[in-house]
Amino acid sequence: MNDGEPVRARHLLEPVAGEERVTVLLAAFEGWNDAGEAASDALKYLHKLWGAKRIATIEPDDYYDFQFTRPEVRRTASGARRIKWPVTKIAKATIPGTAVDVIFVHGVEPSYRWRAYTAELLAKAAELNVNYVVLVGALLADVPHSRPIPVTATCDDGDLRERLNLEASEYEGPIGIVGVLNELALLAGLPTISLWAAVPHYVAQAPSPKAELALLNKVEDFLQSPFPTTELAEDAQAWERGVNDLAADDPEIAAYVRQLEEAKDTVDLPEASGESIAKEFERYLRRRGKDLP
């Protein structure tokens, strides 16, 4: 692993030899891979923050069952009615003050031809000189809303996994398009990281700002580039207070939450120091440094 290196030494973004810039593809897909819409909301947040501009799309006709993923009629700014199709949007942004470009991929999980869809997506990644892939997802889990939302980071690329001191995924079972893209990106030679937030299953409805914030914090750690999250942190606190109020009105849910809290605290107790505290302190220093003149 990293032989005792401090957390700050674990850098995702190492430029390719002979290149000055680094390009990271960030992808999230609505549907099965997106509990509480936390993953897609996290990408939307960064898309808006960095002023990403759309540069390409993957058209839907070959990949979607429109009786399941239906087009929608929307009104434009001028008041005209227009059909909105479930395209996969590809946008590009530059993280201000860095040599890092970000390619955003955001769409609905396709219905058909996942291998062809992924191949088309990876072909566009090659055209855009993508160096790394970060896949963002959210799943329903038996976790309490009143504790930090767990985010699992895994990597199946040996060199990157060792550099970042991550683990390979040990999951076996059904997967979504995120899992397919993870494997095929690695086969295409793209070092890939998967981030999964665990959303409390008893409050699965969107939005899920606390899970979104946890994913953004993890993305920030890997990109080593701070971004403001104060407003989202306030939304997460309000969300938690709202769930507390709902649980207080239902004794069965309240008892279940206490059971989850006890189980979580028992597991986390040996880890309540060290690396987790160091990460929070490093994140604070990065944000404070960015705010200083």
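Small disclaimer: the values here were computed from a predicted structure and weren't measured.

**Section: the overall build of the protein**
In terms of regular secondary structure, the protein is built from eight helices and nine strands. The buried share of the protein, taken over its 293 residues, is 43%. Taking contacts inside the protein between residues at least 6 apart in sequence as the whole, the part at least 24 apart equals 80%. Counting every atom, the protein has about 16000 Å² of accessible surface; 52% of that belongs to carbon and sulfur.

**Observations regarding the packing of aromatic side chains**
Taken as a whole and assessed by the stated rule, the structure comprises seven aromatic pairs. Ring centres of Tyr45 and Phe227 lie 6.5 Å apart, and the angle between their planes is 55°; this geometry places the pair in the tilted category. Here Phe227 lies in the loop between helix 5 (209-223) and helix 6 (230-248) and Tyr45 lies in helix 1 (residues 38-49), a separation of 182 residues in the sequence. Relative accessible area serves as the criterion here: at 1%, Phe227 is assigned to the buried category. The structure contains a cluster of three or more aromatic residues connected by ring pairs, namely Tyr45, Trp50, Phe104 and Phe227.

**Digging into the sheet that holds strand 9 (residues 192-200)**
Where strands meet in a sheet, backbone hydrogen bonds hold them as pairs that are either parallel or antiparallel. Taken in spatial order, the seven strands line up as 2-5-6-1-7-9-8 in an open sheet, and their pairing is mixed. Edge strands, defined here as strands with exactly one partner in the open sheet, are strand 2 (53-58) and strand 8 (151-155). Neighbouring strand axes in the sheet, compared pairwise and without regard to direction, differ in orientation by 20° on average. As judged from the four bridges shared by strand 1 (residues 22-30) and strand 7 (residues 132-141), these two strands associate in the parallel manner.

**Comments concerning the side chain of Asp34**
In this structure, Asp34 sits in the loop between strand 1 and helix 1. This buried residue, Asp34, is left without a salt bridge; Lys44 holds the nearest opposite charge, at 7.1 Å. Setting aside chain neighbours within four positions, we find Asp34 in contact with Phe29, Ala39, Ser40 and Ala138.

**What about the nonpolar core?**
Among the nonpolar cores identified, the biggest contains 45 residues, and Leu26, Trp50, Phe104, Leu195 and Leu215 are the most heavily contacted of them. For this core, the leading source of residues is helix 5, giving eight residues. Setting aside chain neighbours within four positions, we find Leu26 in contact with Leu43, Leu46, Val102, Ile103, Phe104, Val105, Val134, Val136 and Val219. The next biggest cluster of nonpolar side chains, apart from the first, holds 22 residues, and it includes Ala27, Tyr64, Ala125 and Leu190.

**Focus on helix 2 (residues 114-127)**
An ideal rise of 1.5 Å per residue puts 20 Å on 14 residues; helix 2 measures up with 20 Å between its terminal C-alpha atoms. Those residues of helix 2 that sit buried are Tyr117, Thr118, Leu121, Leu122, Lys124 and Ala125. The arc that holds the buried residues of helix 2, viewed along the axis, is 155°, so those residues lie on one side. Residues of helix 2 that are exposed and point over 90 degrees away from its buried face: Arg115, Ala126 and Glu127.

**Considerations on unusual backbone geometry**
Cis peptide bonds are those with omega within 30 degrees of zero, and the linkage from Ala206 to Pro207 qualifies with -5°. With respect to the helices and strands, Pro207 occurs in the loop between strand 9 and helix 5. Here the phi dihedral of Asn129 falls at roughly 60°; this positive angle occurs in a residue that is not glycine. By secondary structure assignment, the location of Asn129 is in the loop between helix 2 and strand 7. Taking relative accessible area as the criterion, Asn129 reaches 52% and is therefore assigned exposed.

**A word on helix 4 (residues 177-187)**
Since there are 3.6 residues in each turn of an α-helix, residues three or four apart along the chain are aligned in direction. Turning to helix 4, its buried residues are Ile177, Val178, Val180, Leu181, Asn182 and Ala185. Packing partners of the buried residues in helix 4 comprise strand 1, helix 2, strand 7 and strand 9. Of the residues trailing helix 4, Gly189 is marked for its positive phi of about 85°.

**Some words on the confidence of the model for the protein**
Predicted confidence across the protein gives a mean pLDDT of 89, with 86% of residues reaching 70 or more. When mean pLDDT is compared element by element in the protein, helix 1 scores highest at 98, while helix 8 (residues 275-291) scores lowest at 60.

**Things to note about the pattern of salt bridges**
The full count for this structure, using the stated rule, is five salt bridges. A salt bridge links Arg21 to Asp101; the shortest N-O distance between them is 3.0 Å. Of the two residues, Arg21 is situated in the segment before strand 1 and Asp101 in strand 6 (residues 100-108); the sequence distance between them amounts to 80 residues. When its relative accessible area of 33% is taken as the criterion, Arg21 is described as partly exposed. We classify Asp101 as buried; its relative accessible area is 8%. The residue Arg147 makes a salt bridge to Glu261 at a minimum N-O spacing of 3.7 Å. Here the residue Arg147 occupies a position in the loop between strand 7 and strand 8, and Glu261 occupies one in helix 7 (residues 251-268), the gap between them amounting to 114 residues. Look at the salt bridges and you will find they share partners, linking Arg147, Glu261 and Asp265 into a network.

Basis of the calculations
Residues numbered from 1 in each chain as written. Predicted model: local features only at pLDDT ≥ 70, side-chain atom pairs only at ≥ 80, totals over all residues. Heavy atoms only, no water. Helix = DSSP H or I, 4+ residues; strand = E, 2+ residues; numbered from the N terminus. Buried < 20%, exposed > 50% of the residue type's maximum accessible area, 1.4 Å probe, protein only. Contact = heavy atoms within 4.5 Å. Areas by Shrake-Rupley, 256 points an atom, 1.4 Å probe, with all protein chains shown as cover. Phe/Tyr/Trp six-rings, centres within 6.5 Å; stacked < 30°, edge-to-face > 60°. Pairing = 2+ DSSP bridges. Axes fitted to C-alpha atoms, helices over the stretch in contact; angles between N-to-C directions. Lys, Arg positive; Asp, Glu negative; His and termini not counted. Salt bridge = Lys/Arg side-chain N within 4 Å of Asp/Glu carboxyl O. Core = buried A, V, L, I, M, F, W, Y, C linked by side-chain atoms within 4.5 Å. Expected span 1.5 Å × (residues − 1). Arc of directions from axis to C-beta. pLDDT = per-residue confidence, 0-100.

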